[in-house]
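The residues making up each chain are set out below.
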There are 2 protein chains.
Amino acid sequence: MLRYFPAPLERLTEEFARLPGIGGKTAQRLAFHVLSLSDEEAAGFARAIVEAKQEVHTCPVCQNLTDRELCAICDDSRRDHSLICVVAEPRDVIAMERAREYDGVYHVLHGVISPLNHVGPDDIRIRELLSRVSQGGVREIIMATNPDTEGDATAMYISRLLRPMEVKVTRLAYGVPVGSQLEYSDEVTLLRALEGRREI
Amino acid sequence: MLRYFPAPLERLTEEFARLPGIGGKTAQRLAFHVLSLSDEEAAGFARAIVEAKQEVHTCPVCQNLTDRELCAICDDSRRDHSLICVVAEPRDVIAMERAREYDGVYHVLHGVISPLNHVGPDDIRIRELLSRVSQGGVREIIMATNPDTEGDATAMYISRLLRPMEVKVTRLAYGVPVGSQLEYSDEVTLLRALEGRREI
């Protein structure tokens, strides 16, 4: 009795099902889709997987993802290398760059400290940041982890470790988002916005 | 200014985004997941894509998917080759086989006629079914397309084409599903169940 699809199709379905957020039914649908591709398209997909894995690695300085020896930002002499913005994820670098204002460099932690998820200080790239700062030449470190419990705790933890190094440590301003409506702002955000008010 | 991830990662994200039902954010998450795989795991995933595409094809007799010359069911001499069950998709063959009762063979249409989706009679494997029946030796054809508008229309269309060939054409019985509750059955299903009632 036939209870399964051909073995190569089942294997591909299993591979898709291993991806995060992809259930069995979706995995099957994706595997069927691959069968409908041309040979070149399927080969291109397979090649993209292998090449992404082979060519993308972390920058030895800032830990951001790159396919070059040094990432484009660390390699840019026009940027201010004495100013380091610490973010949790590579996508946060892209968000910051979109603001078109920041001209310092970055440090990507690749996560935040999260006891609930068994992520401790040694599981993210804090050690690399400390050794980078201890080499000197750093004027200010901007903590730009997410403004949530884990992001705040991680920023506090790192700033405490940096204290003996006599470097200025700052945190992104809390406040009401530009373009948002006050009536929909939560109390904590409004409180922080009040505390951080400035003269105009 | 850095606005994108490294090129190989962007390319992989684009490949994932081309899959049906996978949006931009999900594609990015999947691409990042690939970076977290071991080299062997990434290579295995890529290989599964290429092999599924290379090794899986349709059975020349019943059009079901197989990685052998003839599919396991068409190649099984203990099955009744004079009885053909016509289904829309390969997954329907597996559903029928799970019932452990049917011992005939299959014909997979790979779709149903659907003018709204621009699928006409020539886009599904009707021609292959007609040529198979015209070769003789077929006693009965069971139409087992889905009991919905398009499935019914496709079954009607095919049965009309088969009429001159003097072969018995039947349709799966409509009725209330086993284990279901009458109060939740829709009127059309109940009507069909009444029409199809049998003496006990």
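Residues numbered from 1 in each chain as written. Chains lettered and ligands numbered in written order. Predicted model: local features only at pLDDT ≥ 70, side-chain atom pairs only at ≥ 80, totals over all residues. Heavy atoms only, no water.

Chemist: What is the right way to read the overall build of chain A from this model?
Modeler: Helix and strand counts for chain A come out as seven helices and six strands. Its helices and strands taken in sequence order, chain A reads α-α-α-β-β-β-α-β-α-β-α-β-α from the N to the C terminus. Against the 2.2 N^0.38 benchmark of 16 Å for 200 residues, chain A shows a C-alpha radius of gyration of 22 Å, more extended than a compact globule. Based on the C-alpha atoms only, the size of chain A along its principal axes is roughly 75 × 45 × 35 Å. Across the 200 residues of chain A, 40% fall into the buried class. Accessible surface, chain A: about 11800 Å² in total, of which carbon and sulfur atoms supply 51%. (Helix = DSSP H or I, 4+ residues; strand = E, 2+ residues; numbered from the N terminus. Rg over C-alpha atoms; globule rule 2.2 N^0.38 Å. Buried < 20%, exposed > 50% of the residue type's maximum accessible area, 1.4 Å probe, protein only. Areas by Shrake-Rupley, 256 points an atom, 1.4 Å probe, with all protein chains shown as cover.)

Chemist: Looking at this structure, I do not really get helix α6 (residues 149–162) of chain B. What am I missing?
Modeler: Count 3.6 residues to each turn of an α-helix, and residues three or four apart come out pointing the same way. All names here are of chain B. Compared with an ideal rise of 1.5 Å per residue, which puts 14 residues at 20 Å, α6 spans 20 Å between its outermost C-alpha atoms and is within 8% of the ideal. When α6 is considered as a whole, its buried residues turn out to be G151, T154, A155, I158, S159 and L162. Summarising the axial view, the buried residues of α6 lie within an arc of 130°, below the 170-degree limit, and thus occupy one face. Facing away from the buried side of α6, by more than 90 degrees, are the exposed residues T149 and R160. (Expected span 1.5 Å × (residues − 1). Arc of directions from axis to C-beta.)

Chemist: Teacher, can you tell me more about the relation of the copies chain A and chain B here?
Modeler: Both copies of the chain are related by a screw-like operation: a rotation about an axis and a shift along it. For these two chains of identical sequence, chain A goes onto chain B by a turn of 180° and a shift of 0.0 Å along the axis, with RMSD 0.1 Å. Viewed as a symmetry operation, the transformation between the two copies matches a two-fold axis. Ranked by how close their C-alpha atoms come to the rotation axis, the residues of chain A are headed by A46 of chain A, at 2.1 Å. Comparing interface residues between copies, 100% of those in chain A also lie at the interface in chain B; the contact surface is shared. (Least-squares fit on C-alpha atoms with pLDDT ≥ 70 in both. Contact = heavy atoms within 4.5 Å.)

Chemist: It is not clear to me how the sheet that holds strand β3 (residues 80–87) of chain A should be interpreted in this structure. Could you clarify?
Modeler: Two modes of strand pairing occur in sheets, parallel and antiparallel, and in both the strands are linked by backbone hydrogen bonds. Residue and element names in this part refer to chain A. Spatially, four strands are ordered β4-β3-β5-β6 in an open sheet, and the strand pairing comes out parallel. Edge positions in the open sheet fall to β4 (104–108) and β6 (168–171), since each of these has one partner strand only. Each neighbouring strand pair of the sheet contributes to a mean axis angle of 25°, computed without reference to strand direction. As judged from the four bridges shared by strand β5 (residues 140–143) and β6, these two strands associate in the parallel manner. If you follow I142 over to β6, its bridge partner there is T170. Sheet strands touched by helix α5 (residues 126–134): β3, β4 and β5. Its angle to β4, the strand with the most contacts, is close to 145°. (Pairing = 2+ DSSP bridges. Axes fitted to C-alpha atoms, helices over the stretch in contact; angles between N-to-C directions.)

Chemist: Help me out: how do you make sense of the nonpolar core in this one?
Modeler: Most often, soluble globular proteins have nonpolar side chains that are buried together. Formed by 42 residues in total, the largest nonpolar core has its most connected members in F16 of chain A together with F16 of chain B. Contributions of two or more residues to this core are made by α1 (7–17), α2 (24–36) and α3 (39–55) of chain A together with α1 (7–17), α2 (24–36) and α3 (39–55) of chain B. Each residue touching F16 of chain A, except ones within four places of it in the same chain, is listed here: I22, A27, L30, A31, V34 and F45 of chain A together with L19 and F45 of chain B. (Core = buried A, V, L, I, M, F, W, Y, C linked by side-chain atoms within 4.5 Å.)

Chemist: Just checking my understanding: could you explain the domain arrangement of chain A for this structure?
Modeler: By a widespread convention, an interface's size corresponds to the accessible area lost as its parts come together. Domain parsing of chain A yields domain 1 (7–55) and domain 2 (65–199). Relative placement of domain 1 of chain A and domain 2 of chain A: their C-alpha centres are 36 Å apart. (Domains from an automatic or database assignment.)

Chemist: Help me understand the pairing of strand β5 (residues 140–143) of chain B in this model?
Modeler: All names here are of chain B. Burial along β5 is two-sided: E140 and I142 facing one way and I141 and M143 facing the other are all buried. The sheet contact formed by strand β3 (residues 80–87) and β5 spans four bridges and is parallel. In the sheet register, L83 faces β5, and the bridge partner there is E140.

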